[in-house]
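Structural description and commentary
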Amino acid sequence: MELNKKNTWYIPFIYGLVVFIANFIGSQIPVSSSINMETQNFTNYQNLISQHQTAVNILTSFCYLIPVFGCVFYVLTMNEKNRQRRFINLPIAYSSISISGWIYYYLAEVITLLISKRYFDITIKNIILVSAMYIILECLFSFTLGFFIMETLHRKIFLPRFFPEGKIASTSGLVKPSNTFLFTVFYISVSVFPICFISFAYFSSISSTLKESDIRFIVFFIIILLLDIVIFITFQKYYSSPLKKLKEGTEKVKKGDYTDHVKIVSNDSFGELADTFNDMITSIDLNNKKLLAVQNSILTGMATMVESRDNSTGGHIKRTSDCVRIFVNFLKIQPEYSELSEKFCNDVIKAAPMHDLGKIAVPDAILQKPGRFTDEEYEKMKMHSAEGARIVGEVLKEVDDEDFKKLAINVAHYHHEKWNGQGYPEKLAGDQIPFEARIMALADVFDALVSKRCYKESFSFEKAFEIIQESAGSHFDPDLTKQFIRCRDKLEDLYLR
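Residues numbered from 1 in each chain as written. Predicted model: local features only at pLDDT ≥ 70, side-chain atom pairs only at ≥ 80, totals over all residues. Heavy atoms only, no water.

Another point: the overall build of the protein. The secondary structure content of the protein amounts to 22 helices and zero strands. Intrachain contacts of the protein at a sequence separation of at least 6 include 75% that bridge at least 24 residues. (Helix = DSSP H or I, 4+ residues; strand = E, 2+ residues; numbered from the N terminus. Contact = heavy atoms within 4.5 Å.)

This is the structure in structure tokens:
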């Protein structure tokens, strides 16, 4: 989805409500009256506040207005150049803005006390220390609660919606929360808050009677404790989920699968690591494809060179490869063969041109003979299967894709095996014959039947499919034969073209 003003206007509004709620809840943090001890000094200060309550209310209202103005300014100054950067930075930006009102409040209080000290008998040191502790708690609470909620919404909902492929770490000007920062937020949320409130509860409990403010504090403490549990569980998943995805991605790369990228869309170290990991996979995949393309070109070139020595099979490699492609693409959409993966199908198609590569070791006198082979010559010709497997194995020795390597060797080695065990070179039978070799056998024989050779004329399509049908269960896999015959129209069209 395109990131623009029209489809993102509501997100800053939602986050603005989060900031307001975090500040409001924080403002309800009670300070135990037992801590204040209601000293004469504090009583004098309270009297001063009550005498100027109107002015105090006006000053206090700015605690809420300043963050609102800050958030509105942040959004209004977005433009086409900085929209993406500012949108990604929204949680950290709004969380930082949210504490500005309380910093202002404390500064205003300190200035007020310094001025009042000249006219009233007030010792401001203790009041400033108590107030500082309260403001620090307020800022920590507002920041961590706001950041926790906004970052969760950002990471789970909004960033994946607008950046489904990730790739946000390279955006210039981002404020990227480090793992240290995230851990600190986590630590404060589940450790500092409970410790502070437990301390307050202790001081309250040692007083002779619980005052109304202390009861209010205990209720608030229970709420904070429950909130900490939620934050703890969420942050646990925050760390464990991306690490699990990265581990799974690494395992796939280890097995030679470079197609599946890790989906972690977040403006933090995990998101940056995922983008780097995905770029690495893309680079490896690209280089691997180039290497495979070179290897395939070499193998196809070798196969073409071998074919150029054979007077009877001109165009056989191209035709059989096209037959395999049509047959495999038909098989993979059949319910009976739904387990065939896309990779397997592609690998069979890539391996098809290599099936007769072993003929490079057959002497010209045999390969170019215009008539039928003698028994001795036929035995030498049959050696091309095992020799082809050896050559393919050598050429693909450095290929990372073990599955493709094994499949290509099987196609070259076993495409002349027969279902009844009367083929060559190993006389395998039934399911002992690799599935890919059974596919190749059908395409190989079909082309031999419908093509003209020096020792025979080409058969009609009718005759060729009749022979293949009759060979089901003897030469060919009977189930695969049924599917191959169902491809008749497409195969005939291929040869007519």
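With that settled, the discussion passes to the packing of helix α13 (residues 316-331) against helix α22 (residues 488-496). Here α13 crosses α22 at 155°, and the two axes come no closer than 10 Å. The angle between α13 and α22 falls in the class roughly antiparallel. Crossing of α13 over α22 shows right-handed handedness. From α13, R319, D322, C323 and I326 reach across to α22, where they touch K490, L491, L494 and Y495. Here the contact of α13 with α22 is composed, by residue class, of five nonpolar, no polar and three charged. (Axes fitted to C-alpha atoms, helices over the stretch in contact; angles between N-to-C directions. Parallel < 35°, antiparallel > 145°, perpendicular 65-115°, else oblique. Left-handed = near helix turned anticlockwise from the far one by under 90°. Nonpolar A, V, L, I, M, F, W, Y, C, P; charged D, E, K, R; others polar.)

Before going further, it helps to examine the nonpolar core. Core analysis: the biggest nonpolar cluster contains 49 residues, and I439 and F446 have the highest contact counts within it. A total of nine residues in this core trace back to one element, the largest contributor, which is helix α19 (residues 435-450). Setting aside residues up to four positions removed in sequence, F446 forms contacts with C323, F461, A464, F465, I468, F484, L491 and Y495. In terms of nonpolar packing, the next biggest core, distinct from the first, is built from 26 residues, I124, A132, F143 and F270 among them. (Core = buried A, V, L, I, M, F, W, Y, C linked by side-chain atoms within 4.5 Å. Buried < 20%, exposed > 50% of the residue type's maximum accessible area, 1.4 Å probe, protein only.)

Residue position: H415 is located in the loop between α18 (402-414) and α19. A distance of 3.2 Å separates polar atoms of two side chains, one belonging to H415 and the other to D356. Polar side-chain contacts of H415 include one of 2.9 Å to the backbone oxygen of V411. Residue contacts for H415: discarding those within four places in its chain leaves H355, D356, H384, S385, N410, A437, M440, A441 and D444. (Polar contact = N/O pair within 3.5 Å; in protein donor to acceptor, adjacent residues only side chain to side chain.)

Scanning the model with the defined rule gives 16 salt bridges in all. Here R390 makes a salt bridge to E387, at a shortest N to O gap of 2.5 Å. Linking R390 with E387, this pair stays in helix α17 (residues 384-395), spanning three residues, or about one helical turn. When its relative accessible area of 23% is taken as the criterion, E387 is described as partly exposed. With a closest N to O distance of 2.6 Å, R488 and E492 form a salt bridge. Of this pair, R488 and E492 both sit in helix α22, four residues apart, which is roughly one turn of that helix. Residue classification places R488 among the partly exposed positions, given a relative accessible area of 23%. A single network of salt bridges, built from pairs that share partners, joins K318, D322 and R325. (Salt bridge = Lys/Arg side-chain N within 4 Å of Asp/Glu carboxyl O.)

For the protein, mean pLDDT is 80; residues scoring 70 or higher make up 82% of the total. Of all secondary-structure elements in the protein, the lowest mean pLDDT belongs to helix α3 (residues 33-36), at 43, while helix α21 (residues 478-486) reaches the highest, 95. Ignoring residues within four places in sequence, the model shows residues 32-38, a span with pLDDT below 50, making 17 contacts including any to other chains. A low-confidence stretch, residues 204-208 stays under pLDDT 50, and its non-local contacts, those more than four residues away or across chains, total six contacts. (pLDDT = per-residue confidence, 0-100.)

To continue, consider the packing of aromatic side chains. Evaluation of the coordinates by the stated rule reveals 17 aromatic pairs. Look at Y10 and F158: their rings are 6.1 Å apart centre to centre, the planes differ by 65°, and that puts the pair in the edge-to-face class. Of the two residues, Y10 sits in helix α2 (residues 10-27) while F158 sits in helix α9 (residues 124-162), which places them 148 residues apart along the sequence. F158 sits in the buried class, given a relative accessible area of 6%. Here the aromatic rings of F344 and F435 are separated by 6.1 Å at their centres, their planes lie at 40°, and the arrangement is tilted. With F344 in helix α14 (residues 342-351) and F435 in helix α19, this residue pair connects regions lying 91 residues apart in the sequence. An identical accessibility class is assigned to F344 and F435; each is buried. (Phe/Tyr/Trp six-rings, centres within 6.5 Å; stacked < 30°, edge-to-face > 60°.)

All right, on to a nonpolar patch on the surface then. Taken together, the side chains of W9, F13, I14, L17, F20, I21 and F24 present a nonpolar region at the surface, about 730 Å² in accessible area. Looking at where L17 falls in the secondary structure, it is placed in helix α2. Assessed through its relative accessible area of 43%, L17 is described here as partly exposed. (Patch = residues over 30% accessible without salt bridge, like charges linked within 9 Å, V, L, I, M, F, W, Y side chains within 5 Å. Areas by Shrake-Rupley, 256 points an atom, 1.4 Å probe, with all protein chains shown as cover.)

We now examine α13. Each full turn of the α-helix corresponds to 3.6 residues, which orients residues three or four apart in the same direction. Its 16 residues place the ends of α13 22 Å apart at the C-alpha level, agreeing with the 22 Å of an ideal helix rising 1.5 Å per residue. Listed in full, the buried residues belonging to α13 are H316, I317, T320, S321, D322, C323, V324, I326, F327, V328, F330 and L331. (Expected span 1.5 Å × (residues − 1).)

As a further point, take α2. With 18 residues, α2 should reach 26 Å at 1.5 Å per residue; the first-to-last C-alpha distance of 26 Å fits that figure. Residues of α2 that are buried include every one of I11, P12, Y15, V18, V19, A22, N23, G26 and S27, and no others. Considered in projection along α2, the buried side chains sweep an arc of 165° and stay on one side of the axis. (Arc of directions from axis to C-beta.)

Structurally, R86 can be placed in helix α6 (residues 83-88). Take R86: its relative accessible area is 17%, and that puts it in the buried class. Between the alpha carbons of R86 and G173 there is a distance of 8.6 Å; along the sequence they are 87 residues apart. Non-local contacts of R86, meaning those with residues more than four positions away in its chain, are made with F73, Y74, T77 and M78.

A separate point is the packing of helix α20 (residues 461-470) against α22. Packed helices, taken two at a time, are described by the angle their axes make and the gap between the axes. α22 packs onto α20 with a crossing angle of 135° between their chain directions and a minimal axis gap of 12 Å. One way to sum up the angle between α20 and α22 is to call them oblique. For α20 against α22, the interelement crossing comes out right-handed. Across from F461, E462 and F465 in α20, the residues of α22 making contact are R488, L491, E492, Y495 and L496. Along the lines of polarity and charge, the residues of the contact of α20 with α22 split into five nonpolar, no polar and three charged.

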